[in-house]
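Fold and geometry: a report
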Amino acid sequence: TASGGCQKIRGAQLHELLESKHNVLFDCDGVIWNGETAVAGAPEVVRALKQRGKRVFFVTNNCTRPRQSYVQKFARLGFADVDEQEIFSSAYCSAAYLRDMATFSGKVFAIGCPGVHAELRDAGISVVEEEEDGPDVNISNCALDPDVRAVLVGYDEKFSFMKLAKACCYLRDSECLFLATDPDPWHPLRGGRITPGSGSLTAALETASSRKATVIGKPSRFMFECIASQFDLDPESSLMVGDRLETDIVFGVNCGLSTVLTLTGVSTFEQAQVYKDSDEPKKKDFVPDYVVESIADFLEALEE
Ligand code: PLP
Ligand code: CA
């Protein structure tokens, strides 16, 4: 890794870095695309890496879509050769976590988008169906399912007081698991607006339940373990490319990967430097080894 980190690289140096790695893990939003627009050159980069025998994985905290819908999005945005098996979303990994947990049986109360529900069902996990509560139903008289053994919180545009209240009731049982798809505080939207992320909904439930959620998405190591359980993956030969220091770069550091910050998304070079110059040792985990303007820089580096 680079001395001290935060090294801007391109050309021959970037070529050397890519030569030294066999696996490239890409965050999606802010790296591969922004919303519904591919980052210029990204489809060519993915193709070129694969042509050179590299393995490429996509690691996204976005829990709103099931894997198959990501395959369609990749195709729609011009990525011709992305396979379902290469896509690891926080919804898919949350479902895998519960599926592979030997001690877990029972139902899941899921706060989240259709992506979360679909991945849980695909993993063979029973999900408590959300019913429309009648006009006279409130938290003191609503029905609770006695088979619920886990609460999973993810991005939910239909988040409500009742969902929060029910989740809170389930979590009174200390045996009931408390999982969060990802810790993201907010996400940029087009036109300069932002939308609250899963992390903000999780925070509400953490306060209400006086408990802490187990986070599945980045920066937690679990997503790397999920990939490693399916593909033979060595941290030393893997590179993590992301746009958010607090999730992607910390994830890379937590998993022992070399890290690249790309400046097409949320975090800036200046923010990375602030972490680098901080006196707090923990802040070093937020410092990327390398910085590129865009992953489009990979293309000329590969062709060097
Ligand atoms: N979650 C939601 C709901 C989002 O809209 C986004 C980005 O658009 C993300 C998470 C972050 O995704 P990624 O980890 O690919 O940057
Ligand atoms: Ca991102």
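Refer to the structure printed above.
Described below are features of the structure shown in this document. It should be emphasised that the depicted structure is a prediction, and the values quoted were computed from it without experimental measurement.

Each value, and the rule that gives it
- Residues numbered from 1 in each chain as written.
- Chains lettered and ligands numbered in written order.
- Predicted model: local features only at pLDDT ≥ 70, side-chain atom pairs only at ≥ 80, totals over all residues.
- Heavy atoms only, no water.
- Donors = N, O, S within 2.8 Å, 3.2 Å for Na, K, Ca; no water.
- Buried < 20%, exposed > 50% of the residue type's maximum accessible area, 1.4 Å probe, protein only.
- Pairing = 2+ DSSP bridges.
- Helix = DSSP H or I, 4+ residues; strand = E, 2+ residues; numbered from the N terminus.
- Contact = heavy atoms within 4.5 Å.
- Axes fitted to C-alpha atoms, helices over the stretch in contact; angles between N-to-C directions.
- Lys, Arg positive; Asp, Glu negative; His and termini not counted.
- Salt bridge = Lys/Arg side-chain N within 4 Å of Asp/Glu carboxyl O.
- Near = heavy atom within 4 Å.
- Polar contact = N/O pair within 3.5 Å; in protein donor to acceptor, adjacent residues only side chain to side chain.
- Areas by Shrake-Rupley, 256 points an atom, 1.4 Å probe, with all protein chains shown as cover.
- 1 Å grid on protein atoms, 1.4 Å probe; cavity = no way out; pocket = protein on both sides within 12 Å on 5 of 7 lines; lining within 4 Å.
- Sits in = over half its atoms within 2 Å of the grid points.
- Nonpolar A, V, L, I, M, F, W, Y, C, P; charged D, E, K, R; others polar.
- Core = buried A, V, L, I, M, F, W, Y, C linked by side-chain atoms within 4.5 Å.
- Parallel < 35°, antiparallel > 145°, perpendicular 65-115°, else oblique.
- Right-handed = clockwise from strand over helix to strand, strands pointing away.
- Points joined across faces, edges and corners; volume = space filled by probe spheres on them.

**Describing the coordination of the calcium ion (ligand 2)**
Those protein atoms acting as donors to the calcium ion (ligand 2) are Asp27 (OD), Asp27 (OD), Asp29 (O) and Asp243 (OD), and they sit at 2.1 to 3.2 Å. Along the chain, the residues that donate to the calcium ion (ligand 2) are spaced as D-x1-D-x213-D. What makes Asp27 buried here is its relative accessible area of 6%. According to the relative accessible area criterion, Asp29 is partly exposed, its value standing at 32%.

**Considering the sheet that holds strand β7 (residues 107-111)**
Pairing in this open sheet of five strands is parallel, and the strands run β8-β7-β9-β10-β13 from one edge to the other. The open sheet has two edge strands with one neighbour each: β8 (126-127) and β13 (214-215). Where β7 meets β8, two bridges bridge the pair, whose relative direction is parallel. Looking across to β8, one finds that Val108 is bridged to Val127. Where helix α5 (residues 114-122) meets the sheet, its contacts fall on β7, β8 and β9 (148-153), and the angle it forms with β7 comes to roughly 160°.

**What about the side chain of Asp243?**
Checked against the element boundaries, Asp243 lands in the loop between β14 (238-242) and α9 (245-254). No salt bridge is formed by the buried Asp243. Its closest oppositely charged neighbour is Lys218, at 6.3 Å. Not counting the four nearest positions on each side in its chain, Asp243 is found in contact with Asp27, Asp29, Gly30, Val31, Asp248, Leu261, Thr262, Gly265, Val266 and Ser267.

**Examining the pairing of strand β2 (residues 23-26)**
Burial along β2 is two-sided: the residues Asn23 and Leu25 and Val24 and Phe26 are all buried. Where β2 lies against strand β5 (residues 55-60), four bridges are found, and the strand directions are parallel. By the bridge assignment, Leu25 is partnered in β5 with Phe57. Alignment of β2 against β14, held across four bridges, turns out to be parallel. Looking at β14, one finds that Val24 is bridged to Leu239.

**So, the site of ligand 1**
Taken together, Asp27, Cys28, Asp29, Thr60, Asn61, Asn62, Thr64, Tyr155, Asp184, His187 and Lys218 form the complete shell of residues around ligand 1. Within the backbone of Asn61, a nitrogen or oxygen atom sits 2.8 Å from an oxygen atom of ligand 1. Surface burial for ligand 1 is 88%, taken as the share of its 390 Å² of free accessible area covered by protein chains. The cavity that encloses ligand 1 is the largest pocket. Here the shell around ligand 1 is composed, by residue class, of two nonpolar, five polar and four charged.

**Focus on the nonpolar core**
A general tendency of soluble globular proteins is for nonpolar side chains to be buried together. Residues Phe26, Ile32, Phe58 and Phe74 are the most contacted members of the largest nonpolar core, which totals 34 residues. Of all the elements in the fold, those that place two or more residues in this core are α1 (11-19), β2, α2 (42-51), β5, α3 (67-76), β14, β16 (290-292) and α11 (297-303). Here this core gets five residues from one element, more than from any other, and that element is α2. Sequence-distant contacts of Phe74, that is, excluding residues within four places in its chain, are made with Cys28, Ile32, Trp33, Phe58, Phe79, Val82 and Ile87. Formed by 18 residues, the second largest nonpolar core is a distinct cluster that contains Phe57, Phe88, Met223 and Cys255.

**Points about the packing of helix α4 (residues 90-99) against helix α8 (residues 222-230)**
For the pair α4 and α8, interaxial distance at closest approach is 10 Å and the crossing angle is 75°. With respect to α8, the axis of α4 lies roughly perpendicular. In this structure, α4 contributes Ser90, Tyr92, Cys93, Ala96 and Tyr97 to the contact, and α8 contributes Phe222, Met223, Cys226 and Gln230. Broken down by class, the residue content of the contact of α4 with α8 amounts to seven nonpolar, two polar and no charged.

**Quick word on the pairing of strand β10 (residues 177-180)**
In this sheet, β10 lies alongside β9 in parallel orientation, the contact comprising four bridges. Its bridge partner lying in β10, Leu152 is registered against Leu179. Crossover connection from β9 via helix α6 (residues 161-170) to parallel β10: handedness right-handed.

**Describing the sheet that holds strand β1 (residues 7-8)**
Within the open sheet, the seven strands sit side by side as β1-β16-β15-β14-β2-β5-β6. Their pairing is parallel. Either end of the sheet is taken by a strand with one partner, and the two such strands are β1 and β6 (87-89). As defined by bridge partners, strand β15 (residues 258-262) adjoins β16 across three bridges and the pair is classed as parallel. The residue bridging Val260 from the neighbouring strand is Tyr290, located in β16. Here α4 sits on the sheet and contacts β5 and β6; the angle it forms with β6, its principal contact strand, is near 80°.

**Points about the layout of surface pockets**
Of the pockets and cavities examined, the largest pocket occupies roughly 820 Å³. Looking at the largest pocket, it is lined by 32 residues, and the ones nearest its centre are Asp29, Gly35, Asn62, His187 and Pro188. Listed by contribution, the elements that provide at least two residues to the lining of the largest pocket are β3 (33-34), α3, β11 (186-188) and α9. Considered class by class, the residues forming the lining of the largest pocket number eight nonpolar, 11 polar and 13 charged.

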